[in-house]
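A look at the structure
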Amino acid sequence: MFSMTKVSTKYDYLIIGAGLFGAAFARLATDAGKKCLVVDRREHIAGNCFTESIEGINVHRYGAHIFHTNDDEVWDFINHFAEFNNYINSPVANFHGELYNLPFNMNTFHQMWGINTAEEAQAVIEKQRDDFILQKTNGHPEQFTPSNLEEQAISLVGRDIYEKLVKGYTEKQWGRSCEELPSFIIKRLPVRFIYDNNYFNAKYQGIPVGGYTKLVGKMLDEIEVRLGIDYLDPKVRAELEPQAGKIIYTGAIDEYYGYRLGALQYRSVRFETETLNQKDFQGNAVVNYTDRETPWTRIIEHKWFEFGRDENGKDIPGTVISREYSSEWKPGDEPYYPVNDEKNNALYADYAELAAKEEMVIFGGRLGQYRYYDMDQSIGRALAASGDFIGRGVR
């Protein structure tokens, strides 16, 4: 832990969390002439997009992070701190050894049904959807309303795609049957009737050369950062709060208030990471295991995010893989995905009422606002917050 010696400096902003939101806000505030202190309870910067070098490979410790955005302002901002490669996310699904391209597109449909045209694929999906809805409504399709995730998914993509590529993976992610999950979890399932394996289909996409830790490090250049500091420790809080004009808090909002209204629910993820003395394990960065029986949800082979080469362009002889397991969250675990159902959203609304009364504290980021954000959205929210509170005129 960093030493906690008393300092007399007055900070305009005390920023809790050195992830993307906190780091971006700190950069914008500093460039606007404000004095910032960033603290993080972890021993590293970059939050969940932290990367560490293992055998010359930038390993995504907290799961795959692929930057993608359609936002010109966000893309312009992030490119001040890193050069991005041209990695395109093209995951593969493994269902009991059968391999399918993702997202659902003509390659997927050819692999599943042996068809070649969009018209054929549309006909198969429509027939499966119509047959299912007719069965559920006893011949009155106009009365159909999905009552759970299974019914929603089949009504969107048909039974074959649901059974092989949605059902098992989703049940592992959420730890319960698709028949028990609410339909709103899957509002839509993108289906492309072209041959295109680009998962995100975003205007900008890639991985920062040298990894995300290097990127965030440049974002925090010449800004005071203290790691291994738990702001919620009463002694730490008592020391740092008087030195700050405002506090930007990016931790969990319910934890900030000591769970006084109850704990918000999350899904968590754990990883088993293994270094292998072989050039290649699966030939792709991301392979999803979509059957229910395989315990992990996916395997990440990190070297392929940077095309199997190091920063000097040399081929890397070994490889590092991470098996990813979804799990229920409990206090002390790392929270990943907010469970934004009606019950939890109502509880968050109660916490948000408390937060609105705070004069010194601004809550931001996915944990502070109990909302899943992609990386570009986190940066976009920081840009918006800087405009609101610093007056930089952005957004």
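Summary of the structure given here. Computed from a prediction, not measured in an experiment: that's the story for all the values here.

Points about the side chain of N48
- Position of N48 relative to the elements: it lies in the loop between β2 (36–40) and β3 (51–54).
- By relative accessible area, which is 12% here, N48 ends up buried.

Structural notes on the sheet that holds strand β13 (residues 298–301)
- Spatial strand order, β7-β6-β12-β13-β14-β11-β15: 7 strands in an open sheet with mixed pairing. Edge positions in the open sheet fall to β7 (98–101) and β15 (337–338), since each of these has one partner strand only.
- Taken together, the 2 bridges between strand β11 (residues 266–276) and β15 define a ladder with antiparallel strand orientation. Pairing of Y266 across the sheet is with P338, part of β15.

Here we look at helix α3 (residues 106–113)
- Among all positions of α3, only M106, T108, F109 and M112 are buried. The arc enclosing the buried residues of α3, seen along the axis, measures out at 155°, which places them on a common side.
- Contacts made by the buried residues of α3 are with β7, α4 (118–136) and α6 (159–174).
- The N-cap residue of α3 is N105: its side-chain oxygen and the backbone nitrogen of N107 are 2.9 Å apart.
- Backbone geometry just downstream of α3 places G114 in the positive-phi region, at approximately 70°.

Comments concerning the nonpolar core
- Core analysis: the biggest nonpolar cluster contains 56 residues, and L14 and F104 have the highest contact counts within it.
- If we skip the residues at most four places from it in the chain, L14 touches L37, V39, Y231, L240, A244, K246, I247 and I248.
- Y13, A26, Y62 and A64 belong to the second-largest nonpolar core, a separate cluster that totals 52 residues.

Thoughts on the packing of α3 against α4
- For the pair α3 and α4, the least separation of the axes is 10 Å and the interaxial angle reads 70°. Classified by the interaxial angle, the pair formed by α3 and α4 is roughly perpendicular. The way α3 lies across α4 gives a crossing that is left-handed. Contacts between α3 and α4 involve M106, F109 and W113 on the former and, on the latter, A118, A121, V124, I125 and Q128.
- Broken down by class, the residue content of the contact of α3 with α4 amounts to 7 nonpolar, 1 polar and no charged.

Section: the pattern of salt bridges
- A complete count under the given rule lists 22 salt bridges for this structure.
- Linking E171 and R292 is a salt bridge whose minimum nitrogen-to-oxygen distance equals 3.6 Å. Of this pair, E171 sits in helix α6 while R292 sits in the loop between β12 (286–289) and β13; the two residues are 121 residues apart in sequence, bridging distant segments of the chain.
- A salt bridge links K214 to E311, with the shortest nitrogen-to-oxygen separation between them at 3.3 Å. Residue K214 is found in helix α7 (residues 212–219), and its partner E311 is found in the loop between β13 and β14 (319–328); the two are separated by 97 residues along the sequence.
- Among the residues examined, K214 registers a relative accessible area of 38% and is labelled partly exposed.
- Residues joined by salt bridges that share partners form a network here, namely R41, D230 and E255.

What to know about the pairing of β7
- With 4 bridges joining them, strand β6 (residues 92–95) and β7 adopt antiparallel strand pairing. Its bridge partner lying in β7, F95 is registered against E98.
- Hairpin connection of β6 to β7: 2 residues between the antiparallel strands, including H96 at a positive phi of 50°.

So, the sheet that holds strand β10 (residues 244–249)
- Strand order in this open sheet of 5 strands is β9-β2-β1-β10-β16, and the pairing throughout is parallel. In this open sheet, the two strands that pair with only one neighbour each are β9 (224–227) and β16 (361–363). Sheet twist, expressed as the mean angle between neighbouring strand axes with direction ignored, is 20°.
- Across 5 bridges, strand β1 (residues 11–16) lies against β10 in parallel orientation. When the bridges of β10 are listed, I16 appears paired with Y249.

Calculation notes
Residues numbered from 1 in each chain as written. Predicted model: local features only at pLDDT ≥ 70, side-chain atom pairs only at ≥ 80, totals over all residues. Heavy atoms only, no water. Helix = DSSP H or I, 4+ residues; strand = E, 2+ residues; numbered from the N terminus. Buried < 20%, exposed > 50% of the residue type's maximum accessible area, 1.4 Å probe, protein only. Pairing = 2+ DSSP bridges. Arc of directions from axis to C-beta. Contact = heavy atoms within 4.5 Å. Polar contact = N/O pair within 3.5 Å; in protein donor to acceptor, adjacent residues only side chain to side chain. Core = buried A, V, L, I, M, F, W, Y, C linked by side-chain atoms within 4.5 Å. Axes fitted to C-alpha atoms, helices over the stretch in contact; angles between N-to-C directions. Parallel < 35°, antiparallel > 145°, perpendicular 65-115°, else oblique. Left-handed = near helix turned anticlockwise from the far one by under 90°. Nonpolar A, V, L, I, M, F, W, Y, C, P; charged D, E, K, R; others polar. Salt bridge = Lys/Arg side-chain N within 4 Å of Asp/Glu carboxyl O.

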